[in-house]
Amino acid sequence: MASGFRDKVAIVGMGCSRFGERWELGADGLMVEAFGEALADAGIAREQIEAAWVGNALDDINVGNSALPAAHALRLQRVPVTRVENMCATGTEALRGAAYAVASGAVDIALAIGVEKLKDTGYGGLPLKTKGVQNDLWMPYGSAPGTFAQLAGAYAARHGIDAGDLKRAMAHVSWKSHQNGVHSPKAHMRKAVEMDKILNAPMIADPLGLFDCCGVSDGAACAIVTTPDIARGLGKVNPVTIKAIQLSASNGWEMQYGEWDGAHVPNTRVASRKAYAEAGIQDPKQSIDMTEVHDCFSITELVIMEDLGLSDEGRAPADILDGRYDRDGAIPCQLDGGLKCFGHPVGASGLRMAYEVYNQLQGRAGDRQRGKVDFGLTHNLGGAPFNSVAAVAILGRLN
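Quantities reported herein were computed from a predicted structural model and do not represent experimental measurements.

### A look at the overall build of the protein
Scanning the protein for helices and strands turns up 15 helices and 11 strands. For 399 residues, the compact-globule formula gives about 21 Å, and the C-alpha radius of gyration of the protein, at 20 Å, lands near that figure. In terms of its C-alpha atoms, the protein occupies a principal-axis envelope of roughly 55 × 45 × 45 Å. Out of the 399 residues in the protein, the part that is buried amounts to 59%. Long-range pairs, those at least 24 residues apart, make up 79% of the contacts in the protein between residues at least 6 apart in sequence. Roughly 15500 Å² of accessible area belongs to the protein as shown, and the carbon and sulfur atoms make up 51% of that amount.

Structural data, given as structure tokens:
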């Protein structure tokens, strides 16, 4: 019977490029920047890497198809390299592949790297082009802000939340992230924003204003994983280990039947429930010390708090306004500023979130450090609420 891979895989090195409008570098340069930091952190040579997984979502404007561009850029030594893509969960998907390889005993040391170069398109959002038959049939004229605005309307209707109260809670989500992002030297945007400016910003898709939406960015992040025994041999006395990684993908239920009210994301609930079980966590409200979640829009983060079981049903707006997820709150969310301040280079975001948790677990987060952290959670949501892929990872220390 499957038992999961809790504590079977250690992370011995991580790296993250500076995110932003990186006109001076291509995707290969961004990968090299993150990879160099991870190698130095792990204290290994690149020749010791036995396999690699590369996450990249929009290959035709980035590295191109196949994993060869990453193998070239990183000068990997003729090892198996695999490119993966799973919408906004792509970075976590790369980590899952590398971790599975180590946990299975197929290799001793593996690399997961995610990269995306989006600002060169000159377009403010994700590129608009055909995404294949299913997407073209279901949402030929859809937009990301439009579909997530529907989540806000459904949530307010289900729980009887006043529109003004929901707007203030959403604004607090963005205000909090901008406050935190000031302390992240690698973030794309490092400027605190006043609440009035957020509330009065131009409307994008009602009720989502400008500051309710994250931007896109250029960036790369990576992780080097191995067994706990090898990690200790590398001098990592109490290494960071993966407690759980779980994914859940829509099977069409949300789109085909009238049972779903559109006020939550079923895949996040399924992935988090499985992740808590794999990690041996009985009460996430008490055990999870911090989260990095998929705040593509402020309403997404608000709903995620309930989908992860960190807020009771219908209580997320009040919890947010009470500061539960602020930097000094009970369960801080986006200590590094999240997608709101880093932007969203799709293939890199999941690993960028893990990079923040990894540093927090080791007390290396500088001005952002949240005291002692035992368990940190990352979450990605790819696609739209009605057709999504959700990924949840939980990291901790071996002992």
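### Considering the pattern of salt bridges
Counted by the stated rule, this structure contains 23 salt bridges. Here D307 makes a salt bridge to R269, at a shortest N to O gap of 2.6 Å. Residue D307 is located in helix 12 (residues 298-307), and its partner R269 is located in helix 10 (residues 266-279); the two are separated by 38 residues in the primary sequence. Across the pair D312 and K285 runs a salt bridge whose closest N-O atoms are separated by 2.4 Å. Note that D312 is positioned in the loop between helix 12 and helix 13 (316-321) and K285 in helix 11 (residues 284-287), a separation of 27 residues in sequence. Judged by relative accessible area, which is 29%, K285 ranks as partly exposed. Several salt bridges converge on common partners, so that one network encompasses R158, D261, R269, D307 and E313.

### A few points about unusual backbone geometry
With an omega of 10 degrees, the peptide bond between D206 and P207 qualifies as cis. Here P207 is to be found in the loop between strand 5 (203-205) and strand 6 (208-209). The phi angle at D7 is positive, at roughly 65 degrees, despite the residue not being glycine. By the secondary structure assignment, D7 is in the segment before strand 1 (10-16). Phi at S66 is positive, roughly 70 degrees, even though this residue is not glycine. Its place among the elements puts S66 in the loop between strand 2 (51-55) and helix 2 (68-74).

### Points about the sheet that holds strand 11 (residues 387-397)
The strand order across the open sheet formed by nine strands is 3-2-4-7-1-8-11-10-9, and the pairing between neighbours is mixed. Whereas interior strands pair on both sides, the edge strands pair on one side only; in this sheet they are strand 3 (81-84) and strand 9 (290-292). Across the sheet, the axes of successive neighbouring strands diverge by a mean angle of 25 degrees, strand direction being ignored. Here nine bridges tie strand 10 (residues 376-384) to strand 11, and the two strands are oriented antiparallel to one another. Among the inter-strand pairings, G383 is bridged to a residue of strand 11, identified as S388. Across the face of the sheet, helix 1 (residues 27-42) comes into contact with strand 1, strand 4 (110-117) and strand 7 (218-226) while running at roughly 140 degrees to strand 1.

### A look at the nonpolar core
Residues L166, I299, L302, M305 and L308 are the most contacted members of the largest nonpolar core, which totals 45 residues. Taken together, the elements giving at least two residues each to this core come down to helix 5 (144-159), helix 6 (163-181), helix 10, helix 12, helix 13, strand 10 and strand 11. If you tally residues by element for this core, the top one is helix 5, at six residues. Counting 43 residues, the second-largest nonpolar core is a separate cluster that includes I11, V102, Y355 and A391.

### A word on the packing of aromatic side chains
The full count for this structure, using the stated rule, is three aromatic pairs. When the ring centre of F342 is taken as reference, the NZ or CZ atom of R352 above it lies at 4.8 Å.

### Digging into the domain arrangement of the protein
Accessible area lost upon the coming together of the parts serves often as the stated size of an interface. Domain boundaries assigned for the protein yield domain 1 (9-120 + 218-240) and domain 2 (144-213 + 242-397). Each of domain 1 and domain 2 was reduced to a C-alpha centroid, and the two centroids are 24 Å apart. Each side of the interface is counted separately: domain 1 has 43 residues, and domain 2 has 33 residues. Summing both partners gives a buried area of about 3100 Å² for domain 1 against domain 2, and 71% of it is carried by carbon and sulfur. Area buried by domain 1 at its contact with domain 2 is led by F19, C88 and V240, which between them contribute 24% of it. Between D41 and R364 there is a salt bridge whose closest N-O contact spans 3.2 Å. One can count 12 residue pairs in polar contact (both at pLDDT 80 or more) joining domain 1 with domain 2. Among the elements of the structure, strand 1, helix 1, helix 3 (90-104), strand 4 and strand 7 are those that each provide at least two residues to the side of domain 1 that touches domain 2. For the side of domain 1 that touches domain 2, the leading source of residues is helix 3, giving seven residues. When the residues that make up the side of domain 1 that touches domain 2 are grouped by side-chain class, the tally is 22 nonpolar, 13 polar and eight charged.

Calculation criteria
Residue numbers run consecutively from 1 along every chain, following the written order of its sequence. Where local features are concerned, this predicted model is filtered to residues with pLDDT of at least 70; where side-chain atom pairs are given and counted, the filter is 80 or more; whole-chain, interface and lining totals use all residues. Heavy atoms from the whole structure form the basis of all side-chain values; hydrogens and water molecules are not counted. The helix and strand labels rest on DSSP assignments: H or I over at least four residues marks a helix, E over at least two residues marks a strand, and numbering proceeds from the N terminus. Our radius of gyration is a C-alpha quantity, and the globule rule it is checked against amounts to 2.2 Å times the number of residues to the power 0.38. Only protein chains enter the accessibility calculation, which uses a 1.4 Å probe; a residue is then buried when its area is under 20% of its type maximum, exposed when over 50%, and partly exposed in between. What makes two residues a contact is simply this: any of their non-hydrogen atoms within 4.5 Å. Only the protein chains shown count as cover for residues, and all accessible areas are computed by the Shrake-Rupley method using a 1.4 Å probe. By salt bridge we mean one thing: a side-chain nitrogen of Lys or Arg within 4 Å of a carboxyl oxygen of Asp or Glu. Note on pairing: two strands pair once DSSP finds at least 2 bridges between them. Every axis corresponds to a line fitted to the C-alpha atoms, with the helix fit spanning only the stretch in contact, and the corresponding angles, defined between N-to-C directions, vary from 0 to 180 degrees. What is meant by a nonpolar core is a set of buried Ala, Val, Leu, Ile, Met, Phe, Trp, Tyr and Cys residues, joined one to another through side-chain atoms within 4.5 Å. Paired rings are identified among Phe, Tyr and Trp, the last through its six-membered ring, by centres lying within 6.5 Å, and are further divided according to the angle between planes into stacked (under 30 degrees), edge-to-face (over 60) and tilted (the rest). A ring is scored as having a charge over it whenever the NZ atom of a lysine or the CZ atom of an arginine sits within 6 Å of its centre and within 35 degrees of its normal. The domain limits used here are those given by an automatic or database domain assignment. We define buried area as the total accessible area lost by two parts upon association, computed with a 1.4 Å probe and summed across both. Whenever two N or O atoms come within 3.5 Å, that pair is a polar contact, provided that in protein one can donate a hydrogen and the other can accept it, and provided that, for residues adjacent in sequence, both atoms are side-chain atoms. Under the scheme applied, nonpolar residues are Ala, Val, Leu, Ile, Met, Phe, Trp, Tyr, Cys and Pro; charged residues are Asp, Glu, Lys and Arg; polar residues are all the others, including Gly.

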